[in-house]
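These are the residues of each chain, in order.
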Amino acid sequence: MRRILTSLSLVLLTASCNRPQSTLHSAGPAAGDLSQIGWIVYILFGAVALVMWLLLAWAAVRKRGSLETHQPWDTGGGQRWILIGGFAIPFVVLSCVFVFAMERMSDFPLHDNQIPSTPEILVIGHQWWWEVRYIGGPPDTQFTTANEIHIPAGRPVNIQLETQDVIHSFWVPKLHGKVDLIPGQSNYIRIEANHPGNYTGECGEYCGAEHARMRLLVVADSPQAYEEWKNAQLKPASPPTDAEAARGQEVFLSAPCAFCHKVRGTQAGGLIGPDLTHIASRQGLAANYYPNNPANLAAWVTHAQSMKPGAVMPNVTQFTGTELRALVAYLRQLK
Ligand code: CUA
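Residues numbered from 1 in each chain as written. Predicted model: local features only at pLDDT ≥ 70, side-chain atom pairs only at ≥ 80, totals over all residues. Heavy atoms only, no water.

Draft legend 1. Geometry of the overall build of the chain. Tallying secondary structure elements over the chain gives eight helices and twelve strands in all. For the chain, whose C-alpha radius of gyration is 27 Å, the value lies well above the compact-globule estimate of 20 Å for 335 residues. In terms of its C-alpha atoms, the chain occupies a principal-axis envelope of roughly 95 × 45 × 35 Å. Across the 335 residues in the chain, those meeting the buried criterion constitute 39%. Look at the contacts in the chain between residues 6 or more apart in sequence, and 62% of them connect residues 24 or more apart. Taken together, the 25 basic and 25 acidic charged side chains of the chain have centroids lying 9 Å from each other. (Helix = DSSP H or I, 4+ residues; strand = E, 2+ residues; numbered from the N terminus. Rg over C-alpha atoms; globule rule 2.2 N^0.38 Å. Buried < 20%, exposed > 50% of the residue type's maximum accessible area, 1.4 Å probe, protein only. Contact = heavy atoms within 4.5 Å. Lys, Arg positive; Asp, Glu negative; His and termini not counted. Charge placed at Lys NZ, Arg CZ, Asp CG, Glu CD.)

Structural data, given as structure tokens:
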């Protein structure tokens, strides 16, 4: 009885929790189809488990007695239990789940990986961060950012998935199931968020030491906020606003930073790491593993290898305290 209660309370507990990455509480059509399958399988499993426990309890309670009265004997019966309980019922249940799952899968508009006429966003996986290119319009409307994907809420957005190195997997549980980024191949998904909000995700395929620190953020904006965001991202970096930031820009351009990172509008044109043109507009650092604030930024510049061991970003320890402060001030105003 206690076990039944434990199982029941577990079911209730899990059903009640709506965590940021719960696959059972979707926020978009594609994830909605998947969560429906999830709920049905979950409830069926619960019902079957409940019947099993009741039968076991019944068998345990029904016949008590000595060892002698339980000597094995052949009553010649019981076959029907096996045929019905062990074969017929599982066959019916699993067939229904299979047909339902197939039917749901066919709802995915890009399920055969057909190429959409207009992928709006190209996401390229790197060890261990996400390059995000907005490629939907003519060249003068295209730009590149990293780790944080903005979409307009209430409209489907086609995304092309590629990788620079190993296999990664794009997974934002509330919006879509996992889709792999495979070397030498393009995959396509269509995501849509019903409402504005932040939807976190992560790399869903083991891709090396820092796989667990390869997080994703999809921000669904209202259509107007989305246009504003896009226009802001399209602009080159604004020039330093004060003397300290100006000093910081000099530090940035003379340090190794500029070899790996690009800041549009300056001489920094590196393509190895994330584009930093508007880094201050992003919520996270190191593929969203750390909040983007001055302390983490300073720590990341100087001790990246402690914060994300194995990442391509080295520890850059050549700065004096004043230079580091100026550098952080410069990066913080790249809005
Ligand atoms: Cu990329 Cu795991």
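Now that the structure has been shown, we can carry on.
Draft legend 2. Representation of the nonpolar core. Within the largest apolar cluster, 31 residues are counted, with the highest numbers of intra-cluster contacts made by Ile-121, Val-123, Ile-149, Ile-151, Ile-159 and Phe-170. Excluding its chain neighbours within four sequence positions, the residues that come into contact with Ile-121 are Val-132, Arg-133, Tyr-134, Ile-135, Ile-149, His-150, Ile-151, Val-157, Asn-158, Ile-159 and Gln-160. Among the nonpolar cores identified, the runner-up in size contains 28 residues, and Ala-258, Leu-327, Tyr-330 and Leu-334 belong to it. (Core = buried A, V, L, I, M, F, W, Y, C linked by side-chain atoms within 4.5 Å.)

Draft legend 3. Layout of the environment of Gly-184. Assignment of secondary structure puts Gly-184 in the loop between β7 (179–181) and β8 (187–191). Spatially, the C-alpha atoms of Gly-184 and Gly-201 are 24 Å apart, while their sequence positions differ by 17 residues.

Draft legend 4. Examining unusual backbone geometry more closely. Of note, the bond from Gln-127 into Trp-128 is cis; its omega dihedral lies within 30 degrees of zero at 5°. Summarising the element assignment, Trp-128 is placed in the loop between β1 (121–126) and β2 (129–134). The backbone of Ala-286 sits at a positive phi, close to 50°, despite the residue not being glycine. When you line up the elements, Ala-286 lands in the loop between β11 (284–285) and β12 (290–291). On the basis of relative accessibility, which here comes to 10%, the residue Ala-286 falls in the buried class.

Draft legend 5. Here's a closer look at the sheet that holds β8. Within the open sheet, the five strands sit side by side as β3-β2-β1-β5-β8. Their pairing is mixed. Each edge of the open sheet is held by one strand with a lone partner, namely β3 (143–146) and β8. With strand direction ignored, the average angle separating the axes of adjacent strands in the sheet is 25°. For β1 and β2, the ladder comprises six bridges, and the chain directions are antiparallel. Along β2, the bridge assignment pairs His-126 with Trp-129. (Pairing = 2+ DSSP bridges. Axes fitted to C-alpha atoms, helices over the stretch in contact; angles between N-to-C directions.)

Draft legend 6. Main features of the packing of aromatic side chains. Within this structure, the stated rule accounts for ten aromatic pairs. On the numbers, 6.0 Å between centres and 85° between planes, the contact of Trp-130 with Phe-170 is edge-to-face. Pair noted here: Trp-130 is in strand β2 and Phe-170 is in strand β6 (residues 168–171), with a separation of 40 residues, a long-range link. Put simply, the rings of Tyr-134, Phe-143, Tyr-226 and Trp-229 touch in pairs and so form one group of aromatic residues. Directly above the aromatic system of Trp-171 lies the positively charged group of Lys-178, at a separation of 4.5 Å from the ring centroid. The ring of Tyr-289 carries the charged tip of Arg-213 above its face, separated from the ring centre by 4.9 Å. (Phe/Tyr/Trp six-rings, centres within 6.5 Å; stacked < 30°, edge-to-face > 60°. Lys NZ or Arg CZ within 6 Å of the ring centre and 35° of its normal.)

Draft legend 7. Focus on a nonpolar patch on the surface. Together, Val-51, Leu-55, Trp-58, Trp-81 and Ile-82 line one region of the surface with nonpolar side chains, adding up to about 550 Å² of accessible area. Residue assignment for the nonpolar patch shows that the elements contributing at least two residues are α2 (29–62) and α3 (79–105). Residue class for Trp-81 comes out exposed when judged on its relative accessible area of 54%. (Patch = residues over 30% accessible without salt bridge, like charges linked within 9 Å, V, L, I, M, F, W, Y side chains within 5 Å. Areas by Shrake-Rupley, 256 points an atom, 1.4 Å probe, with all protein chains shown as cover. Salt bridge = Lys/Arg side-chain N within 4 Å of Asp/Glu carboxyl O.)

Draft legend 8. Summary view of the sheet that holds strand β4 (residues 148–152). In spatial order, the strands read β4-β10-β9-β6-β7; together these five strands make up an open sheet with mixed pairing. Edge positions in the open sheet fall to β4 and β7, since each of these has one partner strand only. Within this sheet the neighbouring strands show an average axis-to-axis angle of 25°, counted without direction.

Draft legend 9. Looking closely at the packing of helix α7 (residues 294–307) against helix α8 (residues 321–332). Two numbers describe how α7 lies on α8: the axes approach to 10 Å, and their chain directions differ by 120°. Classified by the interaxial angle, the pair formed by α7 and α8 is oblique. In terms of crossing hand, the pair formed by α7 and α8 is right-handed. Contacts between α7 and α8 involve Pro-294, Leu-297, Ala-298, Val-301 and Thr-302 on the former and, on the latter, Leu-324, Leu-327, Val-328, Leu-331 and Arg-332. Along the lines of polarity and charge, the residues of the contact of α7 with α8 split into eight nonpolar, one polar and one charged. (Parallel < 35°, antiparallel > 145°, perpendicular 65-115°, else oblique. Left-handed = near helix turned anticlockwise from the far one by under 90°. Nonpolar A, V, L, I, M, F, W, Y, C, P; charged D, E, K, R; others polar.)

Draft legend 10. Representation of the side chain of Asp-221 within the structure. Secondary-structure assignment places Asp-221 in strand β10 (residues 215–221). One buried charged side chain, Asp-221, makes no salt bridge at all; its nearest oppositely charged neighbour is Arg-155, positioned 10 Å away. Polar contacts involving the side chain of Asp-221 include one to the side chain of His-150, which spans 2.7 Å. (Polar contact = N/O pair within 3.5 Å; in protein donor to acceptor, adjacent residues only side chain to side chain.)

Draft legend 11. Region of the structure containing the pattern of salt bridges. Tallied over the full model, the rule gives eight salt bridges. Here Arg-133 ties to Glu-131 by a salt bridge, and the two come within 2.8 Å at their closest N and O atoms. On the accessibility criterion, Glu-131 (10% relative accessible area) is buried.

Draft legend 12. Structural detail: the side chain of His-211. Mapped onto the fold, His-211 is located in the loop between β9 (197–203) and β10. Residue His-211 is classed as buried on the basis of its relative accessible area of 19%. In this structure, His-211 is in contact with Trp-128, Cys-203, Gly-204, Glu-205 and Tyr-206, ignoring residues within four places of it in sequence.

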